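# Structure at a glance
Residue-level listing of the chains:
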Amino acid sequence: MCGIIGYTGRGDALSRVTAGLCALEYRGYDSAGAAFFCGGDVNVIKTAGRIAELIKLTKEIDSSPNCAIGHTRWATHGAPTKTNAHPHKYGRVTLVHNGIIENHAELKAAVGAHPISETDSEIAAACIDAIFSECGDPLLSVRRACDGFSGSFAIGVMFDCFPGMIYAAKNKSPLIVGISKSGNYIASDVAAIISETDTYIELCDGDVCMISPDRCVIIDKRSEEVKRSAAVANVVADDIGLCGYDHFMKKEIAQEPEAIRKTLLRRMSDGAVSFCGDGLSDEYLSGIEKLTVVACGTAYHAGLWAKHYIEKTCRIPVDVVIASEYIYGDPLTRSGDTVIFISQSGETADTLSALELASSRGAMTIAVVNVKTSSIARRADVAVFTEAGPEIAVASTKAYTVQCAVMTALGARIAYAKGILDTHGLRSVSRALTGDLCDAINDVIAREAGISAAAKRYHKSDDVYFIGRGADVCACLEASLKLKEISYVHSEAYAAGELKHGTISLITDGTPVIALVGDEKTSDKMMNAIREVAARGADVFAVCRRDFPRDEAIKTRFELPACSDDVLAIAAQTVFQLFAYHTAKLRGCDVDKPRNLAKSVTVE
Ligand code: AGP
């Protein structure tokens, strides 16, 4: 979602700010802007276009400011226009904002604001300006204004009469302070500053801070000065660079085997995976009688995979709920329940709110999360970290694969703790994940040419159907989401047996149907479904087991690697990720930054 960066110090602030915005591009945005001190005043430049447009505007500035803030906006209130783009200047206050100020209408009436944009953010600037008129203290004005805001926000603020100073505040949206030898930064995440410094301070919810070239003052909710310790980012420039790949999505797919191994090998003891080090003892796991998994999008699909595997292996019920539905659905969660939240970013607002709700009901909350410093990681009772590394492409790939692998490992460990799996069984699942699965993914990647050939055959179609059975249905749902989000092809995923209950009416001459056949038990049934759609004209692409019979109903075939049945559907996802990737490329889409989407959805 929106990205914030600010710099004050020696050297050119605007080039640092635009470089930071480029590093935040992956979050998704539709307009960009910057503000800088020039001749004792704050000037604003903005565009409804890409950052490249903003950079052109900065070239027209003949001074070299050393204090600036910048922003990429992902529209929530008001269309993605230049007027609605940030920064917003109201009175003496210039502000950038990520999040939503929910009570903006009341605030607007209370301060009698006359904004020119349609944004809630401009109202926030008006509130700070009104309070500043009364108290004359910039830090306290931001503090008091934030006390009146409800919702999630991270803001960066400059005051006309305080050159060289940037003020910032956060509540439920990420914001860090970066410390470098030449000056100080505020930023939405470490990616924005890592080319300049790896030292940063994580602000807490409720913090308000002021940075100058050589100082950082933080006050808490009681307006008392607090010290927050600095950390060193665990990210190197290579982690957030393309490293020779054309797209981050491609690079991240290639990293899947390494990410799975990195995540699971550190949890391995005597050949068997264990979550004791994460705070999940066998004693605790053995007592789990049901599970709820809550997540959004791709992470939700990893939850569906988990349901399939855990119910089959542990024989306990697993509910999987979309986070936004969980929050407003009055869930049956009670004290003593275990609720697992899956999230790559750890900042997804719906998932975070769901976690808070489950916590307030006394549930034990477990986060399976990729970003260690994220809000979800901090708020959960237990955080099980995935080690996928930074995922930059908006379309989640390696994070999903690792989430599926971790949830499988956790399921196997629960089964072991309950005495359902013995040591041999647990070791064999652990080996399947860190060995078989990784080899299978590498094998799929090595045969990418077959997948790009299939994409060439189908990329002009406007509707694609994925079908499968059992665990393959979960993989189909994720395959369909991936294709939709980056190639803008309409697609749907169905349990193959459901087709004849309605959807088969949509199959006409040439309709692409992609059939995943990973489950041996239902191979025959899948063949029936394939013949049924082929008889109605479907152009069938089978992604199937090697032993799946050849048949004239199948027009294109990609054989899955030989691999443990427990994890085959995870490896199949790599086929679909590459299929979506090549389809998007052939259709001329912006693979890493699909339209309208944000990497981390920090508003409900
Ligand atoms: C994935 O390709 C999507 N862009 C999206 O569905 C994503 O998985 C979802 O927004 C959840 O994000 P999270 O894992 O960071 O919580």
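Keep in mind that what you see is a predicted model, and the values were worked out from it rather than measured. (Residues numbered from 1 in each chain as written. Predicted model: local features only at pLDDT ≥ 70, side-chain atom pairs only at ≥ 80, totals over all residues. Heavy atoms only, no water.)

## Examining the packing of helix α9 (residues 297-314) against helix α13 (residues 398-417)
Axis separation between α9 and α13 bottoms out at 9 Å; the angle between their running directions is 25 degrees. Here α9 lies roughly parallel to α13, going by the angle between them. In this structure, the crossing between α9 and α13 has a hand that is right-handed. On α13, the residues touching T298, A299, H301, A302, W305, A306, Y309, I310, T313 and C314 of α9 are Y400, Q403, C404, M407, T408, G411, A412, I414 and A415. Class assignment of the residues belonging to the contact of α9 with α13 gives a composition of 13 nonpolar, 6 polar and no charged. (Axes fitted to C-alpha atoms, helices over the stretch in contact; angles between N-to-C directions. Helix = DSSP H or I, 4+ residues; strand = E, 2+ residues; numbered from the N terminus. Parallel < 35°, antiparallel > 145°, perpendicular 65-115°, else oblique. Left-handed = near helix turned anticlockwise from the far one by under 90°. Contact = heavy atoms within 4.5 Å. Nonpolar A, V, L, I, M, F, W, Y, C, P; charged D, E, K, R; others polar.)

## What to know about the packing of aromatic side chains
One pass over the structure, following the stated rule, counts 10 aromatic pairs. Ring geometry for F149 against F153: centres 5.5 Å apart, planes inclined by 85 degrees, an arrangement best described as edge-to-face. Like F153, F149 is buried. Between F541 and F579, the ring centres sit 5.8 Å apart and the planes meet at 50 degrees, which makes this aromatic pair tilted. Here the residue F541 occupies a position in strand β26 (residues 539-544), and F579 occupies one in helix α18 (residues 568-586), the gap between them amounting to 38 residues. Residue class for F541 comes out buried when judged on its relative accessible area of 1%. The rings of F132, F159, F162 and Y167 are connected pair by pair, giving a single aromatic cluster. Sitting above the plane of the Y488 ring, R595 keeps its charged end 3.8 Å from the centroid. (Phe/Tyr/Trp six-rings, centres within 6.5 Å; stacked < 30°, edge-to-face > 60°. Buried < 20%, exposed > 50% of the residue type's maximum accessible area, 1.4 Å probe, protein only. Lys NZ or Arg CZ within 6 Å of the ring centre and 35° of its normal.)

## Considerations on the packing of helix α3 (residues 104-111) against helix α4 (residues 120-135)
Two elements in contact, α3 and α4, have axes separated by 9 Å at closest approach and are oriented at 40 degrees. Crossing of α3 against α4: the hand is left-handed. Packed against α3, whose contacting residues are H104, L107, K108 and V111, the element α4 presents D120, I123, A126, C127 and A130 at the interface. Grouping the amino acids of the contact of α3 with α4 by side-chain chemistry returns 6 nonpolar, 1 polar and 2 charged.

## Overview of the side chain of E448
Within the element layout of this structure, E448 appears in helix α15 (residues 448-458). In terms of polar contacts, E448 uses its side chain to reach the side chain of K250, at 3.2 Å. Among residues more than four places away in sequence, those in contact with E448 are K250, L578 and H582. (Polar contact = N/O pair within 3.5 Å; in protein donor to acceptor, adjacent residues only side chain to side chain.)

## Structural notes on the pattern of salt bridges
Taken as a whole and assessed by the stated rule, the structure comprises 37 salt bridges. Each of K170, D205, E356 and R379 takes part in a single network of salt bridges with overlapping partners. (Salt bridge = Lys/Arg side-chain N within 4 Å of Asp/Glu carboxyl O.)

## Side note on the nonpolar core
Formed by 124 residues in total, the largest nonpolar core has its most connected members in L280, I310, I340, I342, L437, F466 and F579. Ranked by the residues each element gives to this core, the list is headed by α18, at 12 residues. Not counting the four nearest positions on each side in its chain, I310 is found in contact with L291, R315, I316, V318, M407 and G411. (Core = buried A, V, L, I, M, F, W, Y, C linked by side-chain atoms within 4.5 Å.)

Just geometry here; none of it tells us what the structure is for.
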